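Below are the chains, spelled out letter by letter.
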Amino acid sequence: MAFNSFEFLVFYPIVLVLYYIVPVKFRWMLLLICGYFFYYRGGSVIFLFLITIPDYFLARYASSKRNNRKIVFVAAVIFNLFILAFFKYALSQGGINIVMPLPEGITNHVIGAALPLGLSFIILRKICYLTDVYQKTTEAEKNFGKYALYLSYFPSVSSGPIDRYPNYRTQIESCPKFNSGDIVSGFRLILTGVFKKVFIAERLSFLVNEVYSNPQDQNGLTILMAVYFFAFQIYADFSGYTDIAIGISRTFGLELPRNFDRPYFSHSISEFWRRWHITLSAWLKDYLFMPLASYFTSGKHFFSSARYRDITAYISSALITWFLAGLWHGNELSMITWGVLQAVYLTFSLLTKKPRKKFSKAMARRRIPKKLLDFFRALFIFNLVSFTWIFFRSESLAKAFIIIRNLFCNTSFNGKYIFGVISRFDIFLSITGILSILLIDIFDFNDDQKFYSRPAWVRWTIYYAMLFITFFFGVYRSSGFMYVKF
Amino acid sequence: MPKSFIIKLCIFILTVSVGINAIHSFSKYIHGFAYPSQNDYRRIYFENPVKNPYDLLITGNSKIVNGVNPDLLEIGSFNFASQGESMPVTYAKLNFLEKNNRCDFRYIILGLDYFSFSFSDINDDSYMLYLPPDEKLQPTAKQSDISLNENFNRYMNSNYASDWNVFFMTLFRMASGKNPVITYFKENGQMVQRGVASDNYQIIRNIETDTNAVKYFIKSLAFAKKHGIDAVIVFPPSTKKELANYSGAYRMNFDRFVDSAASKYDVKGILNYTDSTGFELRDFLDVAGHLNENGANKFTAMLNRDVMKIFGRKND
């Protein structure tokens, strides 16, 4: 059941009304039932239930004082990674088959049906819980139902945000009560999310889909536009999904973590990753990068020379982390290249930190306005990121290279060809969509304090404008959200 | 729940509903100046073909509905083609005539192009509009087979989120005193659209053989044979950009198949104007090969000459 489907449009209001009708202490049960129903409409509830059971017991064991709890913890993590690898990579045609070849007779259709909804996100949440319990930063959940709700909470089950267990537990234990402020704020986020998805992302996909499916026929300017359009499409799509998820959760009085913080205004690649898919970046940092970096700086590995230890540790950890991040998104070479490129950028960013600081100081001495400098920095980072999205969006590495070749070598920058792909009106609406998402970021709709500091008439104009624009200029499709496929 | 919250929510929902309905009604009103209304479609597709007298029925997709002007044909004709018409729809429309005892025409032109066998869907709203109201005559998927979500999306796209560019253009034309009509029907079934093709555009056809389309093409030929109607298959002219989508081998196989089907079902002739050199870009509405009014008249004159050679010879 996608957030932008008619089914959900009926499902959500019913759940919301029921939620505030049932007694406070039973609300989590209602959310659990609804979570399973939501999952049932897009995946196998039996599978979800089955993968919930072992962790519940293993985590309780790992939290005990027994000697072999480390072995149990490691086994539990490996078990989860095996589930992910099996469903995501073993049963996969195309790309790199890292586990085993696909049995004869199993078609893509079967795989599509077999891949459980939101599996990648569920597994990350499970590992997060197991690690926190093992490290004793949180207690193992005694109530199986509440643990099952953590994994099946419907606003975040399919594509995150990846909420940490302690945050979830504190909130669910506090039994949130009705708060009209939360409801209004939640509705605003839902509206913003739907606006981003239906008006912006779907419209931008017109040009993007055409260009990425036939890159060989396109000239430089058309490809350049498609590359920029995709940068905003994926942002509008994924941040739109997240806004809806956070908004829905807020109407239940439960706060999900923020996942985007105006990423295209970042001044460096590391800053970009602190603002883009924040919960995944934080997960990668806490559960992969930091342990790896700590291992590499310990001197137990082949880079034992003290002089280069830190830098080699950083590069090795970044490479492994982003290689795995690429693999997490998909086993195609293009996706892995996307991941590795992030590591290359981050390494380059680290290596050039000093000269960049010097450059900034020199600019300041010449009285070049900081805002102007920041604008160019953001523009530069945006271009670097947009370049990596080529690999992310392309169906294969070969197609990605065709796009790059045509982008830089097909110098026919004649604008008239764009109109052969989509209409002038669609281009106008696409550009309006891009400007809207930039305005949403400038006004920071996700920040309640900033948003409510504006006069009531401005806020209400924004609500009505977003609603009417979505209604009349939206593109309604059953395509669902992009990140659901991961 | 606080009362004030519920009151505010109700006011918001009420104002939004009123606003949406007002904008929607206004846009429909403006669209009415530019496009044929739903009543026009019903009259042209379900009334005129039943009550008008004609000896020659013309079927096919948008290239035919735009491209053939029955007034210029020597045989009394009716253009029964429609935009985006797939083969199952053609067959359903023939059945509609049969059900209404209107299979008394002597000749039929079955319009075809090299894209005709690549689709057979009738799920699009535009097709549903043209389909006979009797559900039993609908050949493949019915409205009820389509998911609730899909229906919702179609409803939103076709009722609220469509053709705003036309709305603004029409408003602008009306404000500047120009004729706002973009598309209209003639009572003989021809659809006339304003415009001249621009070379700036591209047309991409995803070619694949849809067995359902082929099946209903054969059924349509069989229908004509069963009723003793003389059939001619007509390929309308097209543009170089559209033809670039079809390889030589694909076209050769396509022609071979149509030839064999035509001989099996006693088709009187195949008139292929696809590569006709008599047409220039200014005769078309777009690079997809839809003729504008001048192009349609030019094509109909050619068609009349060739059709008369076939049917006239038979009459002799």
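Chains are numbered independently. Their residues run from 1 in the order of the written sequence. Whichever chain is written first is A, and whichever ligand is written first is 1; the rest continue in order. For this predicted model, a pLDDT threshold of at least 70 governs which residues receive local features, and a threshold of 80 or more governs which side-chain atom pairs are given and counted, while totals over whole chains, interfaces and linings are taken from all residues. The side-chain figures draw on all heavy atoms in the structure; neither hydrogens nor water molecules are used.

Asks: Would you mind showing me how to read the domain arrangement of chain A here?
Replies: The parts lose accessible area when they come together, and the size of an interface is often stated as this lost area. Residues and elements named next belong to chain A. Each domain's extent was defined by an automatic or database domain assignment. Domain annotation of chain A identifies domain 1 (6-178), domain 2 (181-260 + 398-485) and domain 3 (277-323 + 333-380). Distance between the C-alpha centres of domain 2 and domain 3: 28 Å. At the interface, six residues of domain 2 touch four residues of domain 3. Considering only the side of domain 2, the residues that lose the most area to domain 3 are Arg258, Asn259 and Tyr483, jointly responsible for 60% of the buried surface there. Put simply, a salt bridge is a Lys or Arg side-chain nitrogen that is within 4 Å of an Asp or Glu carboxyl oxygen. Taken together, domain 2 and domain 3 are joined by zero salt bridges. Here a polar contact is recorded for every N or O atom pair within 3.5 Å, except that within protein the pair must consist of a potential hydrogen donor and a potential acceptor, and residues adjacent in sequence are included only if both atoms are side-chain atoms. Our count for the domain 2 to domain 3 interface comes out at three residue pairs in polar contact (both at pLDDT 80 or more). Its residues placed into classes, the side of domain 2 that touches domain 3 shows four nonpolar, one polar and one charged. Should any heavy atoms of two residues lie within 4.5 Å, those residues are considered in contact. A 1.4 Å probe defines the accessible area here, and the buried area is the portion of it lost by two parts on being joined, summed over both. Residues are sorted three ways: Asp, Glu, Lys and Arg are charged, Ala, Val, Leu, Ile, Met, Phe, Trp, Tyr, Cys and Pro are nonpolar, and all the rest, Gly among them, are polar.

Asks: What should I look at first to understand the packing of helix α10 (residues 220-251) of chain A against helix α19 (residues 424-443) of chain A in this one?
Replies: Between two packed helices, both the angle of their axes relative to each other and the distance between the axes serve to describe the pair. All names here are of chain A. Note on geometry: axes are C-alpha line fits, over the in-contact stretch for helices, and angles between N-to-C directions span 0 to 180 degrees. The way it works is that DSSP assigns letters per residue, a run of H or I at least four long becomes a helix, a run of E at least two long becomes a strand, and they are numbered from the N terminus. At a minimum axis separation of 11 Å, α10 and α19 run at an interaxial angle of 50°. When the axis of α10 is compared with that of α19, the two are oblique. The hand of the α10/α19 crossing is left-handed. Counting all contacts with α10, which are made through Met225, Phe229, Phe232, Tyr235 and Ala236, the residues of α19 involved are Ile427, Ser430, Ile431, Ile434, Ile437, Leu438 and Asp441. Partitioned by chemical class, the residues of the contact of α10 with α19 number 10 nonpolar, one polar and one charged. Under this scheme an angle from 65 to 115 degrees is roughly perpendicular, one under 35 degrees roughly parallel, and one over 145 degrees roughly antiparallel; angles in between are oblique. A crossing counts as left-handed when the near helix is turned anticlockwise from the far one by less than a right angle, and as right-handed when that turn is clockwise.

Asks: Would you explain the interface of chain B and chain A in this entry?
Replies: Of the residues lining the interface, 27 residues belong to chain B; the matching set on chain A comes to 32 residues. Between chain B and chain A, a total of about 2900 Å² is buried, with carbon and sulfur atoms accounting for 70% of that surface. Run the count over chain B and chain A and you get zero salt bridges. Connecting chain B to chain A are four residue pairs in polar contact (both at pLDDT 80 or more). Looking at the side of chain B that touches chain A, the elements with two or more residues in it are α1 (3-34), α6 (148-159) and α7 (164-175) of chain B. By residue number, the principal contributor to the side of chain B that touches chain A is α1 of chain B, which donates nine residues. For the side of chain B that touches chain A, the per-class residue count stands at 17 nonpolar, nine polar and one charged.

Asks: What should I look at first to understand a positive patch on the surface in this one?
Replies: Together, Arg274, Lys285, Lys353, Arg356, Lys357, Lys361, Arg365 and Arg366 of chain A line one region of the surface with positive charge. The dominant element in the positive patch, judged by the number of residues it contributes, is helix α15 (residues 353-365) of chain A, at five residues. Patches were defined on residues exceeding 30% relative accessible area and lacking a salt bridge, with like-charge contacts within 9 Å and nonpolar side-chain contacts (Val, Leu, Ile, Met, Phe, Trp, Tyr) within 5 Å. Shrake-Rupley sampling with a 1.4 Å probe provides the accessible areas, and residues are treated as covered by the protein chains on show and by no other component. Counted as positive: Lys and Arg. Counted as negative: Asp and Glu, with His and the chain ends omitted from the count. Charged side chains are reduced to one point each, which is NZ for Lys, CZ for Arg, CG for Asp and CD for Glu.

Asks: Where do I start with the sheet that holds strand β7 (residues 269-272) of chain B in this structure?
Replies: Hydrogen bonds between backbone atoms are what pair the strands of a sheet, whose relative direction is either parallel or antiparallel. All names here are of chain B. A pair of strands is treated as paired once DSSP finds two or more bridges between them. Judged by pairing direction, the sheet is parallel, and its five strands sit side by side in the order β2-β1-β3-β6-β7 without closing on themselves. A strand with exactly one partner marks an edge of an open sheet, and here the two such strands are β2 (77-79) and β7. The sheet shows a mean angle of 20° between the axes of neighbouring strands, taken without regard to direction. Examined bridge by bridge, strand β1 (residues 56-59) and strand β3 (residues 107-111) share four bridges and lie parallel to one another. Within β3, the position partnered with leucine 57 by the bridge is isoleucine 108. Sitting on the sheet, helix α4 (residues 87-99) touches β1 and β3, and the angle it makes with β1 is about 150°.

Asks: I'm lost on the confidence of the model for chain B in this one. Help?
Replies: For every residue, the pLDDT score states the predictor's confidence, bounded by 0 at the bottom and 100 at the top. For chain B, the mean per-residue pLDDT works out to 86, and 90% of the residues sit at or above 70. This stretch, residues 139-145 of chain B, has a pLDDT under 50; its non-local contacts, to residues over four places away or in other chains, come to 13 contacts.

Asks: Mind showing me how you'd approach the packing of aromatic side chains here?
Replies: Two descriptors summarise a pair of aromatic rings, namely the distance from one centre to the other and the angle between the planes of the rings. Put simply, two rings from Phe, Tyr or Trp (the six-membered ring, in Trp's case) pair if the centres are within 6.5 Å, and we call them stacked under 30 degrees between planes, edge-to-face over 60, tilted for the rest. Counted under the stated rule, the structure contains 114 aromatic pairs over all chains. With centroids separated by 5.4 Å and ring planes inclined at 75°, the aromatic side chains of phenylalanine 375 of chain A and phenylalanine 376 of chain A adopt a geometry described as edge-to-face. Looking at phenylalanine 375 of chain A, the relative accessible area reads 48%, which means it is partly exposed. Ring centres 5.8 Å apart and planes at 50° place the aromatic pair tyrosine 114 of chain B and tyrosine 246 of chain B in the tilted group. When a residue's accessible area, from a 1.4 Å probe over protein chains only, is under 20% of the maximum for its type it is buried; when over 50% it is exposed; and in between it is partly exposed.

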